[in-house]
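Next come the chains, spelled out residue by residue.
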Amino acid sequence: MNHRTDLTEERLAAELAAGLTALADSPAPLGRTDTAWAIRQGRSRLRRRRLGVLGAVTAVALGASVLGATLPDRDTGGSVKAATGPAAPDFVLPALGPDTGRDPLTIAAAFGWLPDGFDGASYVIGFSGAPTLFSGKAYGPPQTGPDALAMNRQTVFLSAYAADQAPTVGTDNFGQQQYRVDARPVNGRPAYWVGRAPDDPTGTQGDYYLRWQAADGGWVELHGSYLRAADGVLDMLLKIADKVTTGRQAVRLPFKLKDIPADFTRAGVSLYLGASAADGYPWSASVNYQSGGNYMSLDVRPAVEPVRASPQPLTSPGFASPIDSPEPDVTPVLPPVAKPIFAQRCTDAQGLRVCATSGADEAPYAASGGLAGWLDRLVPLGADRSAWTTEVTP
């Protein structure tokens, strides 16, 4: 396999793993990332990148089946203070604070602005077998153009390379040559597109990749998908990049954690804002723990019914829609309902639903208090985002 030249494979592996664990990461049969989401990711996002992702996803699916916009100034005169005071949360972007050392969702880069039509955002660490892998994601309007599919949304991913890992430009996973195409500077620092030709900034698979160097010398990447040049994608991505904040930043979370058993290590943490990101809920958050082959997921979201988008026919222009196609006069044969492979317990508090979900039955967790004991370890802070905190762990 070719050497990786971007962070897409690991990021998409994390997303697909989250999709495969939908039942376990929710207080209802359809979770944060339901079956349609998994299909959408599997078919339309990963169809061009099966190589390099399949191994990681398989391992995660088998082993982990359970599964804002303004950065406050640092206190230079003393210890770092938590972001716990009043805030005016952006409708889409999570509120941030300085790194307290006690927030598991401390990220390397954050969106500071999104274009009109983008109504959801998420930050995720872990879930892919790499517990420190970070990715941000912005959820935009439907795909446009003659080849658009109703199920596809314009999407922008945000990644940050480690300070000692400068990105390279070589070949993609299908052997296609990539080229460094100069872009205008981002905040006065070098930037370039990963293009498919020396003078073409479009990526080899039709997506767009913009990289620029941050103030600390590390590199940051925006990856735009289901975007097209006719919609001004180059200018849009550069404007998003201008407002990205870099450096360690803690995302305010809607819960605190306590009394986590010493033999459990954190495997992932996430926050999704906006119905498009949180699968119909106003927001959702989760944290997962692992001990050997045992996984425990704690998740929280408003105790409301999700808003589901109207189903769209999975057709593209030029193909008959389900309405246009005659239906055979037969009774569909449905597969038998599989026995759940997880155990779950939920409770409602402060207008929120909190769930603990195990990757197997409850027996392996008896020593740590079972599902009831794990529920007690997450302390919800309510739906008011001004009450969320960066002081999450003891």
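Please read all numbers here as calculations on a predicted model, not as lab measurements.

A. Region of the structure containing the overall build of the protein chain. Scanning the protein chain for helices and strands turns up five helices and 17 strands. Counting every position in the protein chain, which comprises 394 residues, the buried fraction comes to 50%. Element-wise, carbon and sulfur atoms account for 55% of the exposed surface of the protein chain, whose accessible area totals about 18100 Å².

B. Inspection of the sheet that holds strand S6 (residues 179-182) at higher detail. The 12 strands are arranged S6-S7-S8-S9-S5-S4-S3-S12-S13-S14-S16-S15 in an open sheet whose pairing can be described as antiparallel. Only two strands of the sheet have a single neighbouring strand rather than two, namely S6 and strand S15 (343-349). Going from strand to strand, the sheet's axes swing by 20° on average, the running direction of each strand aside. Note: strand S8 (residues 208-213) against strand S9 (residues 219-225), six bridges, orientation antiparallel. Looking across to S9, one finds that Leu210 is bridged to Leu222. The sheet strands contacting helix H4 (residues 233-243) are strand S5 (153-160), strand S7 (191-195), S8 and S9, and the helix crosses S8 at an angle near 35°.

C. Just the packing of aromatic side chains, in detail. Enumeration over the complete set of coordinates arrives at seven aromatic pairs. Ring geometry for Phe111 against Tyr123: centres 6.3 Å apart, planes inclined by 25°, an arrangement best described as stacked. Of this pair, Phe111 sits in the loop between strand S2 (106-110) and strand S3 (120-126) while Tyr123 sits in strand S3, placing them 12 residues apart in sequence. Each member of the pair, Phe111 as well as Tyr123, carries the same accessibility label: buried. The side chain of Arg377 reaches across the aromatic face of Trp374, ending 4.8 Å from its centre.

D. Just the nonpolar core, in detail. Core analysis: the largest hydrophobic core is formed by 63 residues, its most contacted members being Phe111, Val156 and Leu237. With six residues, the single largest contributor to this core is H4.

E. The arrangement of the pattern of salt bridges in detail. Applying the stated criterion across every chain yields a total of nine salt bridges. Across the salt bridge formed by Asp200 and Arg196, the nearest N and O atoms sit 2.7 Å from each other. A salt bridge links Glu221 to Arg211; the shortest N-O distance between them is 2.9 Å. Of this pair, Glu221 sits in strand S9 while Arg211 sits in strand S8, and the two are 10 residues apart along the sequence. The class of Glu221 is buried, set by a relative accessible area of 1%.

F. Fine view of the state of the cysteines. Applying the stated criterion to the full structure yields one disulfide. Two residues, Cys346 and Cys355, share a disulfide whose sulfurs are 2.0 Å apart. Disulfide Cys346 to Cys355: torsion about the S-S bond roughly 105°, handedness right-handed. What makes Cys355 buried here is its relative accessible area of 0%.

G. View of the sheet that holds S2. If you walk across this open sheet you meet the three strands as S1-S10-S2, and the pairing is antiparallel. Of all strands in the sheet, those with a lone pairing partner are strand S1 (96-98) and S2, marking the two edges. When the angles between neighbouring strand axes are averaged without regard to direction, this sheet yields 60°. Where S2 lies against strand S10 (residues 245-251), four bridges are found, and the strand directions are antiparallel. Each residue of the ladder has a partner; that of Ile107, found in S10, is Gln249.

H. Molecular detail of the pairing of strand S16 (residues 352-358). Among the seven residues of S16, six are classified as buried, and the element is accordingly described as predominantly covered. In this sheet, S16 lies alongside strand S14 (residues 294-302) in antiparallel orientation, the contact comprising seven bridges. Its bridge partner being in S16, Arg301 is matched across the sheet by Arg353. In this structure, S15 lies alongside S16, joined through seven bridges in antiparallel fashion. Residue Arg345 lies in a different strand from S16, and its bridge partner there is Ala356. Where S15 hands over to S16, the hairpin turn is made up of two residues, of which Gln350 adopts a positive phi near 55°.

I. Just the pairing of S10, in detail. Bridging between S1 and S10 involves three bridges; their strand directions are antiparallel. Residue pairing in the sheet places Pro98 in a bridge with Gln249 of S10.

J. Layout of the environment of Asp200. Locating Asp200 in the fold gives a position in the loop between S7 and S8. Along the backbone, Asp200 and Val181 are 19 residues apart, and their C-alpha atoms lie at a distance of 7.0 Å. Other than its neighbours up to four places away in sequence, Asp200 contacts Val181 and Gly195. In this structure the side chain of Asp200 is engaged in a polar contact, spanning 3.0 Å, whose partner is the backbone nitrogen of Thr202.

Calculation notes
Per-chain numbering applies: the sequence of each chain, read as written, is numbered from 1 onward. Where local features are concerned, this predicted model is filtered to residues with pLDDT of at least 70; where side-chain atom pairs are given and counted, the filter is 80 or more; whole-chain, interface and lining totals use all residues. As a convention, hydrogens and water are excluded, and side-chain values are obtained from all of the structure's heavy atoms. Think of it this way: any DSSP run of H or I at least four residues long counts as a helix, any run of E at least two long counts as a strand, and we number them from the N terminus. A simple rule labels every residue: compare its accessible area, found with a 1.4 Å probe on the protein chains alone, to the largest value its type can have, and call it buried under 20%, exposed over 50%, or partly exposed in between. Each accessible area value is a Shrake-Rupley result obtained with a 1.4 Å probe; residue values ignore everything except the protein chains displayed when judging cover. When DSSP locates at least two bridges between a pair of strands, those strands are taken to pair. Angles here are taken between N-to-C directions and fall from 0 to 180 degrees, while the axes themselves are lines fitted to C-alpha atoms, restricted in helices to the stretch in contact. Residue contacts follow a heavy-atom distance rule, with two residues in contact if any of their heavy atoms lie within 4.5 Å. Only rings of Phe, Tyr and Trp enter the pairing, Trp through its six-membered ring, and a pair is recorded when the two centres are within 6.5 Å. The plane angle decides the type: under 30 degrees is stacked, over 60 is edge-to-face, the rest tilted. Criterion for a charge above a ring: Arg CZ or Lys NZ at most 6 Å from the ring centre, at most 35 degrees from the ring normal. Grouping buried Ala, Val, Leu, Ile, Met, Phe, Trp, Tyr and Cys residues that are joined through side-chain atoms within 4.5 Å yields what is termed a nonpolar core. For salt bridges, the criterion is a side-chain nitrogen of Lys or Arg within 4 Å of an Asp or Glu carboxyl oxygen. The rule for a disulfide is simple: a pair of cysteine sulfur atoms within 2.5 Å. Residues adjacent in sequence count toward polar contacts only when both atoms are side-chain atoms; beyond that, a polar contact is any pair of N or O atoms within 3.5 Å, and within protein one must be able to donate a hydrogen and the other to accept it.

Any functional reading would require information that these geometric values do not contain.
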